[in-house]
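# Secondary and tertiary structure notes
Given next are the chains, with one letter for each unit.
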Amino acid sequence: MRYKSVGILTGGGDCPGLNAVIRGIVKTCLHFGIQAWGIKDGFGGLVENRIVPLSSQDISGILHRGGTILGTTNRDNPFHYPMQCKDGFAYADMSLQAIRNLTEKGIEALIVVGGDGTLYITNEFYQKYDLPVIGIPKTIDNDLPATERTFGFDTAVSIATEALDRLHTTAESHHRVMILEVMGRYAGWIALHAGLAGGADCILIPELPYMMESVLHKIQERITQGKRFSIIVVAEGAYPVGGEMTIARVVEGSAEKIRLGGIGNKLAYIIEEQGQLEARCTVLGHLQRGGSPTAYDRILATRYGVAAVEALNNGNIGCMVALQNDAITCVSIERVVGKPYNVPVDHDLIKKGRFIGICFGD
Ligand code: F6P
């Protein structure tokens, strides 16, 4: 055991399995006699010194619970921290204050659970202050490289698949085109997996800009075959050839300035205008992130939590735990950040999907 006192921080959007990770870390710390500390509300809590010791009681009964007992935020970056001033907000580098808060409590290392943005900040602490850090890949989007899975993805896919099953029966009854808009930001992993699992007729993802004619052609083809309904899954970041992503809102002062959303309703409008069938859109939104994680995500999150403490014990710092060939390994965080992992256009699921008649809009 190298470190006697370890902090845990969850950053970015919440994700099913966060509590399972926290539980895995704390239980492993207890096993090795390490004191675990919880940092409240992501990097904001680190700067503002909201740090509490975590005991066995704190993690009791949380394995199956969604959200994070520590709280999270995707707004705060200690290296560019928003401070209230008389003219509104100004930004300051508060990273040294964050380090002081850790030192004051005797916290020697930090395990950070997050997606790309959070891991980027984690790496900055490692590079600039030599702070021993371990990253854990978290996002429903599954868009981090060097790992076969981020935890949370399986749950999001299951929820989207269940939604598709439900849309199927109502689509069939009313002879409608049902569109499900799913999350994923700039990656189409959720749409691709849920679309296949839920029997979608069209799957539209950002990696393959779509042509409206292809989508309309697919719907028409099904009508000709006597199938008077169709199911479309569209990723929030999907866009037409020569067009742009649909932005719901631009938010100043947020790390992720652009909020995607609205493409599903746009499609529904065009289909109704040009096609023969009525169309309806369901935006699944944050339902994909709330509630209990699947068994797969609970297990993966637990493995990641345990492996993070093992990595610290082995002195494997500055790395992210990752899943490769179904084994947990460690990769340098540097290798991961700023390199989004998108669906390769020749991905096997796309190839197989084409053989069973799925239209990808291209
Ligand atoms: O990265 C996870 C994610 O759920 C994306 O799929 C989505 O675009 C975004 O976060 C939504 O973020 P927010 O919680 O800020 O609405």
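Above this text is the structure in question.
Here goes a summary of the coordinates provided. Here the structure is a predicted model, which means the values were calculated and not measured. (Residues numbered from 1 in each chain as written. Predicted model: local features only at pLDDT ≥ 70, side-chain atom pairs only at ≥ 80, totals over all residues. Heavy atoms only, no water.)

### A closer look at the overall build of the protein
The following threshold applies: Labels follow the DSSP assignment, with helices taken as runs of H or I lasting at least four residues and strands as runs of E lasting at least two, numbered in each case from the N terminus. Radius of gyration: over C-alpha atoms. The globule rule applied is 2.2 Å multiplied by the number of residues raised to the 0.38 power. The buried label goes to any residue with under 20% of its type's maximum accessible area, the exposed label to any with over 50%, and the partly exposed label to all in between, with areas taken from a 1.4 Å probe on protein chains only. Should any heavy atoms of two residues lie within 4.5 Å, those residues are considered in contact. Per-residue and other accessible areas were derived by the Shrake-Rupley procedure at a 1.4 Å probe size, with only the shown protein chains allowed to occlude residues.
On a plain count of helices and strands, the protein comes out with 10 helices and 15 strands. Its C-alpha atoms give the protein a radius of gyration of 22 Å, within 12% of the compact-globule value 21 Å for 362 residues. Principal-axis analysis of the C-alpha atoms gives the protein an extent of 70 × 50 × 35 Å. Here the protein holds 362 residues, and 53% of them are scored as buried. Pairs at least 24 residues apart make up 72% of the contacts formed inside the protein by residues separated by at least 6 positions. Surface summary for the protein: the accessible area is close to 15700 Å², and the carbon and sulfur share equals 50%.

### A word on the side chain of Thr-73
Put simply, the test is: Throughout this description, a polar contact denotes any pair of N or O atoms lying within 3.5 Å of each other; where both atoms belong to protein, one of them has to be capable of donating a hydrogen while the other can accept it, and for residues adjacent in sequence the pair is counted only when both atoms sit in side chains.
Structurally, Thr-73 is set in the loop between strand 3 (51-54) and strand 4 (81-85). Separated by 3.0 Å, the side chain of Thr-73 and the backbone nitrogen of Arg-75 make a polar contact. In this structure, Thr-73 is in contact with Gly-11, Gly-12 and Asp-41, ignoring residues within four places of it in sequence.

### Side note on the packing of helix 5 (residues 153-174) against helix 6 (residues 189-197)
To keep it simple, the criterion reads: Note on method: axes are straight lines fitted to C-alpha atoms, helices fitted across the in-contact stretch only, with angles between N-to-C directions ranging 0 to 180 degrees. For classification, angles of less than 35 degrees are called roughly parallel, those exceeding 145 degrees roughly antiparallel, those between 65 and 115 degrees roughly perpendicular, and all remaining angles oblique. Crossings are sorted by hand: turned counterclockwise from the far helix by less than a right angle, the near helix makes the crossing left-handed, and turned clockwise it makes it right-handed. Residue polarity follows a fixed list, in which Ala, Val, Leu, Ile, Met, Phe, Trp, Tyr, Cys and Pro are nonpolar, Asp, Glu, Lys and Arg are charged, and the others, Gly among them, are polar.
The N-to-C vectors of helix 5 and helix 6 enclose an angle of 45 degrees; their axes lie 8 Å apart at closest approach. Between helix 5 and helix 6, the interaxial angle falls into the category oblique. In this structure, helix 5 crosses over helix 6, and the sense of that crossing is right-handed. Together, Phe-153, Ala-156, Val-157, Ala-160, Thr-161 and Leu-164 of helix 5 and Trp-189, Ile-190, His-193, Ala-194, Gly-195 and Ala-197 of helix 6 make up the contact between the two elements. Its residues assigned to classes, the contact of helix 5 with helix 6 shows 9 nonpolar, 3 polar and no charged.

### Considerations on the packing of aromatic side chains
In plain terms, the rule: Stacked, tilted and edge-to-face are the three classes applied to pairs of Phe, Tyr and Trp rings, where Trp contributes its six-membered ring and a pair requires centres within 6.5 Å; stacked means planes under 30 degrees apart, edge-to-face means over 60, and tilted covers the rest. Here, a charge over a ring is recorded when the distance from Lys NZ or Arg CZ to the ring centre is within 6 Å and its angle to the ring normal is within 35 degrees.
A full pass over the atoms with the stated rule returns 5 aromatic pairs. Relative to Tyr-129, the ring of Phe-79 lies with its centre 6.5 Å away and its plane at 35 degrees, an arrangement referred to as tilted. Taken together, the positions of Phe-79 in the loop between strand 3 and strand 4 and Tyr-129 in helix 4 (residues 116-129) put the pair 50 residues apart, joining distant regions of the chain. Judged by its relative accessible area of 28%, Tyr-129 falls in the partly exposed class. Three or more aromatic residues joined by ring pairs make a cluster, and in this case those are Phe-43, Phe-79, Phe-125 and Tyr-129. Above the plane of the ring of Phe-229 lies Arg-222, whose end atom (NZ or CZ) is 4.9 Å from the centre.

### A few points about the pattern of salt bridges
Here is the rule: By definition here, a salt bridge exists when the distance from a side-chain nitrogen of Lys or Arg to a carboxyl oxygen of Asp or Glu is within 4 Å.
Counted according to the given criterion, the structure contains 14 salt bridges. The salt bridge partner of Asp-14 is Arg-289, with a shortest N-O separation of 3.0 Å. Of this pair, Asp-14 sits in the loop between strand 1 (5-10) and helix 1 (18-32) while Arg-289 sits in the loop between strand 13 (278-283) and helix 9 (295-313), and the two are 275 residues apart along the sequence. By relative accessible area, Asp-14 is classed as partly exposed at 24%. Glu-221 is the salt-bridge partner of Lys-218, the closest N and O atoms lying 3.2 Å from each other. With a gap of 3 residues between them, Lys-218 and Glu-221 both fall in helix 7 (residues 212-224), about one helical turn apart.

### Notes on the pairing of strand 6 (residues 109-114)
Basically, it comes down to this: Strands are treated as partners if at least two bridges between them are detected by DSSP. When the strands point away from the viewer and the path from the first strand over the helix to the second turns clockwise, the crossover is right-handed.
Among the 6 residues of strand 6, 6 are classified as buried, and the element is accordingly described as predominantly covered. Inspection of the sheet shows strand 1 paired to strand 6 by 5 bridges, in the parallel sense. Looking across to strand 6, one finds that Ile-8 is bridged to Ile-111. Taken together, the 5 bridges between strand 6 and strand 7 (residues 133-137) define a ladder with parallel strand orientation. From the neighbouring strand, Val-112 faces strand 7, where its bridge partner is Gly-135. The parallel pair strand 6 and strand 7 is bridged by helix 4, and the resulting crossover is right-handed.

### What to know about the site of the ligand
Cut-off, in case you're wondering: Near is defined per residue: the residue qualifies when any heavy atom it owns lies within 4 Å of the molecule or strand.
Near the ligand, the surroundings consist of Asn-74, Ile-140, Asp-141, Met-183, Gly-184, Arg-185, Glu-236, His-286 and Arg-289. One of the side-chain nitrogen or oxygen atoms of Glu-236 is found 2.5 Å away from an oxygen atom of the ligand. At 2.9 Å, a side-chain N or O of Arg-289 approaches an oxygen atom of the ligand. Within the shell around the ligand, the residues separate by chemical class into 2 nonpolar, 3 polar and 4 charged.

### A word on the sheet that holds strand 13
The strands that make up a sheet pair up through hydrogen bonds in the backbone, lying either parallel or antiparallel. Spatial strand order, 9-10-8-13: 4 strands in an open sheet with parallel pairing. The open sheet has two free edges, formed respectively by strand 9 (202-204) and strand 13, since each of these has just one partner strand. Ignoring which end each strand starts from, the neighbouring axes of this sheet average 15 degrees apart. Against the sheet, helix 5 contacts strand 8 (176-182), strand 10 (230-235) and strand 13, and its axis sits at roughly 165 degrees relative to strand 8. Relative to strand 9, helix 6 is tilted by about 170 degrees, and along the sheet it contacts strand 8, strand 9 and strand 10.

### Considering helix 5
The cut-off we apply is this: Here the expected span of a helix is defined as 1.5 Å times the quantity of residues minus one.
Counted at 1.5 Å a residue, the expected span for helix 5 with its 22 residues is 32 Å, and the 31 Å between its end C-alpha atoms agrees. Those residues of helix 5 not exposed but buried are Phe-153, Thr-155, Ala-156, Val-157, Ala-160, Thr-161, Ala-163, Leu-164, Leu-167 and Ala-171. Contacts from the buried residues of helix 5 go to strand 8, helix 6, strand 10, strand 13 and helix 9. Following helix 5 by one or two positions, His-175 has its phi on the positive side, about 55 degrees.

The analysis is restricted to geometry; functional conclusions fall outside its scope.
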